[in-house]
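# Residue-level structural notes
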Amino acid sequence: QVQVNNNRFNPDGFWSVNGLRDLNPRQKATVKELWIYRNDKAKQLDRPPFKVFDDRTLIELAVVAPQYIEELPDIHGMSGGQIRRYGRQILKAIRDAENAPVPKKPRSNHSRPPDEVNSRFEKLRNWRKDRARHRGVESDVILSRDTLWELAWHNPQNDDQLSQIKTMGPWRRETYGDEILLLLRNHST
């Protein structure tokens, strides 16, 4: 079972979606509307947001901005089931974004993470990308970005410390724990 960490939804979290930088302001407003819709739907269904639709689909929906249900099958990752379940709400979110204010990137009130944290994050991110490629899945299926940051900050060195990373869940700890610990131990030296 996948552990869903829905207790701290950040409506500005969409700024971290891969590919967002390349979009125009109106498309960014669309991503924000879809981001909020996807999270609300995921919470309702008690599943991770990427199970509703993934970030690549989010970006493509914003770029194409379909107006009709008939256009949705051409969007990457939109299956017939997803279109039946979410199609109308997706189109409504896209329409709502047309009149929504253009989002402004929030100023970070905390400074950059220390170099060693950034370095661990990059190492973990590369490991996750490699893992996802081998399994043929999106990177978020392996570990969420939030979990990577939590691992990078806390730098667990043994199973007890790793079990403190609540966003991982028992299955991921069992499946990837040894690899992650090895990677972090080798990084520390």
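Residues numbered from 1 in each chain as written. Predicted model: local features only at pLDDT ≥ 70, side-chain atom pairs only at ≥ 80, totals over all residues. Heavy atoms only, no water.

### Some remarks on the packing of aromatic side chains
Scanning all chains against the criterion turns up four aromatic pairs. Taking 4.9 Å as the distance between ring centres and 35° as the angle between the ring planes, the aromatic pair formed by Phe14 and Trp15 counts as tilted. The exposure classification of Phe14 matches that of Trp15, with both residues buried. Judged by centre distance (3.9 Å) and plane angle (10°), the ring pair of Phe121 and Trp149 falls under stacked. (Phe/Tyr/Trp six-rings, centres within 6.5 Å; stacked < 30°, edge-to-face > 60°. Buried < 20%, exposed > 50% of the residue type's maximum accessible area, 1.4 Å probe, protein only.)

### Description of the packing of helix H4 (residues 115-135) against helix H6 (residues 145-154)
For the pair H4 and H6, interaxial distance at closest approach is 8 Å and the crossing angle is 135°. Classified by the angle between their axes, H4 and H6 sit oblique to one another. For the crossing formed where H4 meets H6, the hand is right-handed. Judged by residue contacts, Val117, Asn118, Arg120, Phe121, Leu124, Arg125 and Arg128 of H4 engage Arg145, Leu148, Trp149, Leu151, Ala152 and Trp153 from H6. Looking at the contact of H4 with H6 residue by residue, the class counts come to eight nonpolar, one polar and four charged. (Axes fitted to C-alpha atoms, helices over the stretch in contact; angles between N-to-C directions. Helix = DSSP H or I, 4+ residues; strand = E, 2+ residues; numbered from the N terminus. Parallel < 35°, antiparallel > 145°, perpendicular 65-115°, else oblique. Left-handed = near helix turned anticlockwise from the far one by under 90°. Contact = heavy atoms within 4.5 Å. Nonpolar A, V, L, I, M, F, W, Y, C, P; charged D, E, K, R; others polar.)

### Section: H6
Restricting attention to buried positions, one finds in H6 the residues Thr147, Leu148, Leu151 and Ala152. Considered in projection along H6, the buried side chains sweep an arc of 140° and stay on one side of the axis. Residues of H6 that are exposed and point over 90 degrees away from its buried face: Asp146 and His154. (Arc of directions from axis to C-beta.)

### Describing the packing of helix H1 (residues 25-45) against helix H3 (residues 80-99)
The interhelical angle for the contact between H1 and H3, taken along N-to-C directions, is 145°, at an axis separation of 8 Å. The element H1 and its partner H3 pack so that their crossing is right-handed. Contact residues: H1 offers Arg26, Ala29, Thr30, Glu33, Leu34, Tyr37, Lys41 and Leu45, while H3 offers Tyr86, Gln89, Ile90, Ala93, Ile94, Asp96, Ala97 and Glu98. Classifying every residue of the contact of H1 with H3 by side-chain character gives nine nonpolar, two polar and five charged.

### A look at the side chain of Gln82
Topologically, Gln82 is positioned in helix H3. Looking at Gln82, its side chain comes within polar contact range of the main-chain oxygen of Val52, at 2.6 Å. Gln82 has contacts with Val52, Phe53, Gly77 and Gly87, leaving out every residue within four places of it along the chain. (Polar contact = N/O pair within 3.5 Å; in protein donor to acceptor, adjacent residues only side chain to side chain.)

### Quick word on H4
Taking 1.5 Å of rise per residue, 21 residues should cover 30 Å, and H4 covers 30 Å from first to last C-alpha, within 8% of that figure. Residues of H4 that are buried include every one of Val117, Asn118, Arg120, Phe121, Leu124, Trp127, Arg128 and Ala132, and no others. Phi for Gly136, located one or two positions after H4, is positive at around 70°. (Expected span 1.5 Å × (residues − 1).)

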